[in-house]
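The chain contents come next:
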Amino acid sequence: MAANNAPVARWRVQEGAMVAPQLNPDDLCDQLHEFNVVAEVDWFKQTPHLVGINVLVNKAGGVAALDDEDGAYRAGITTEELTKRLAEEFYAEVTIGEHTANHIKEDAVFPNVPDSGSEEVRVCEVSAIPEASVPFCAAAESKDMGCLDIGADMRAVFYSTTLEQVREGIMATLESPCIALYAKPHDFSMASVVADDKGFYPESLLLHSWMLNTRMITGAVSSPSEKLRLRVRADLGHGHVAEQTAEVFDYIDEKQLLDATRTFGRDGFMQAIKALGLPSEIAAFLFGHIGVGSVPGARLYPAQGWTEAFGQSMDIKLTEPEPAGSLFWRIYRKATIDKPWIARGIAIAESITGTILATAAFREKKPRTGWTKLGGALGIFLVVDAIAQISLAQYLSGRAKRHRAQREN
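Model, not experiment: these values are computed from the prediction. (Residues numbered from 1 in each chain as written. Predicted model: local features only at pLDDT ≥ 70, side-chain atom pairs only at ≥ 80, totals over all residues. Heavy atoms only, no water.)

Caption draft 1: How the structure looks around the pattern of salt bridges. Scanning the model with the defined rule gives 9 salt bridges in all. Taking the shortest distance from any N to any O, the salt bridge between Arg85 and Glu81 comes out at 3.8 Å. With Arg85 and Glu81 both in helix 2 (residues 79-90), this residue pair falls 4 residues apart, about one helical turn. What emerges from the salt-bridge pattern is a single network uniting Glu131, Asp149, Arg155 and Arg299. (Salt bridge = Lys/Arg side-chain N within 4 Å of Asp/Glu carboxyl O. Helix = DSSP H or I, 4+ residues; strand = E, 2+ residues; numbered from the N terminus.)

Caption draft 2: Molecular detail of unusual backbone geometry. Pro177 follows Ser176 through a cis peptide bond whose omega is 0°. Tracing the backbone shows Pro177 in the loop between strand 10 (154-162) and strand 11 (178-183). Its identity is not glycine, yet Ala152 carries a phi of approximately 55°, on the positive side. Here Ala152 is to be found in the loop between strand 9 (145-151) and strand 10. What makes Ala152 exposed here is its relative accessible area of 53%. (Buried < 20%, exposed > 50% of the residue type's maximum accessible area, 1.4 Å probe, protein only.)

Caption draft 3: Quick look at the pairing of strand 3 (residues 50-57). Within strand 3, 7 of the 8 residues are buried, which leaves the element mostly enclosed by the surrounding structure. In the sheet, strand 1 (residues 12-19) pairs with strand 3 via 8 bridges, with the strands oriented antiparallel. Looking at the pairing, Gly16 lines up with Ile53 of strand 3. With 4 bridges connecting them, strand 2 (residues 38-43) and strand 3 associate as antiparallel partners. Residue pairing in the sheet places Val41 in a bridge with Ile53 of strand 3. The antiparallel hairpin formed by strand 2 and strand 3 contains 6 residues in its connecting segment. (Pairing = 2+ DSSP bridges.)

Caption draft 4: Fine view of the packing of helix 6 (residues 254-261) against helix 7 (residues 265-275). Contact geometry for helix 6 and helix 7: axes closest at 8 Å, N-to-C directions at 165°. Taken together, helix 6 and helix 7 sit at an angle that is classed as roughly antiparallel. As helix 6 packs across helix 7, the resulting crossing turns out to be left-handed. Residue-level contacts link Gln256, Leu257, Asp259 and Ala260 of helix 6 to Gly268, Gln271, Ala272, Lys274 and Ala275 of helix 7. When grouped by side-chain class, the residues that make up the contact of helix 6 with helix 7 number 4 nonpolar, 3 polar and 2 charged. (Axes fitted to C-alpha atoms, helices over the stretch in contact; angles between N-to-C directions. Parallel < 35°, antiparallel > 145°, perpendicular 65-115°, else oblique. Left-handed = near helix turned anticlockwise from the far one by under 90°. Contact = heavy atoms within 4.5 Å. Nonpolar A, V, L, I, M, F, W, Y, C, P; charged D, E, K, R; others polar.)

Caption draft 5: Looking closely at a negative patch on the surface. Together, Asp27, Asp30, Glu34, Glu88 and Glu89 make up a region of like negative charge exposed at the surface. Contributions of two or more residues to the negative patch are made by helix 1 (25-34) and helix 2. Here the negative patch gets 3 residues from one element, more than from any other, and that element is helix 1. Locating Asp27 in the fold gives a position in helix 1. Using a relative accessible area of 40% as the deciding quantity, one classes Asp27 as partly exposed. (Patch = residues over 30% accessible without salt bridge, like charges linked within 9 Å, V, L, I, M, F, W, Y side chains within 5 Å. Areas by Shrake-Rupley, 256 points an atom, 1.4 Å probe, with all protein chains shown as cover. Lys, Arg positive; Asp, Glu negative; His and termini not counted. Charge placed at Lys NZ, Arg CZ, Asp CG, Glu CD.)

Caption draft 6: Quick peek at the side chain of Gln14. Tracing the backbone through its elements, the reader meets Gln14 in strand 1. There is a polar contact of 3.0 Å between the side chain of Gln14 and the side chain of Arg12. In this view, Gln14 contacts Ile53, Asn54, Val55, Val57, Ile96 and Gly97; residues no more than four positions away in its chain are not counted. (Polar contact = N/O pair within 3.5 Å; in protein donor to acceptor, adjacent residues only side chain to side chain.)

The following block contains the structure:
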């Protein structure tokens, strides 16, 4: 086996993948151990012939090796040679970084993976989305959506979709930053988009699955201690999902989320739900025990047309304005909804002024000057505008009262 003795300045994670007609992931792990490679191997129970391989590499392309429990990493086999050797050993196609090798036999037959695209997936997205935007999301996605305030100016938007429609990291709410939890037929996963509203970049998407089988290969160390296993996990990037997510969403307890990502299966997913500040009712929805319209305390926004969505959005803005809304809208809402006598007073003063101007213009003897005509036109406009303002204020006030009554019921 060739060695790479170039000086090691820094180790970085290099992702890879491997596919073979017949593959036992345990045999692959044993082979990596024999090669003295520090690595992580991931696979789903349903597709053991398709695995992910993550290794640590240096700038010269050397893969990290570890000779003993307390030792430091050293450069061992190169990524190019590792790719080639694995492909030859398992008659597989292997890609690690920029290197690819394919030794799949021409007559190879791959396992038949059932199509599950039509199976249901339950999704919950957590972000600071304004609730007035949720009706438009429901209209755009043609899905019934629930919305629940969870504190810290955050909301949970949840809905049901199908596996073929799910693209992890592409949020239905189009909000960023955002966290999404996915309850799939054979998987529980999380996607965190930690980019701000200035744009999306690949490093801003963090993914974690609670049903992904994972094995750590600690180089040549056969019986690693828990301390070494945690060290290798951290070096291979396992802690960065919780760390970066908690850094962006500062209300989240990083340790609680980290413990959740270290726990396999349904229990770990449940821990993550709690770490994100979501109530047990959201867990009941994600696990399929209740429907989207049955979550206590949540508001349901059904799939509907754009006209209905606009009406619902306006109702929300009238009764529950966003703190970050425009100053003009907040002042106008206070004058028409909270204190309607202000709007009526302004309209009455406007109508009186308009009446005076119009009357004065009509009483002026002919020929009237241009200023007189302008004053008369302005007076008529003020009277019409005052009537319109009073009518609009009465309409908005009535709509707000109906919306409040619906919320209370």
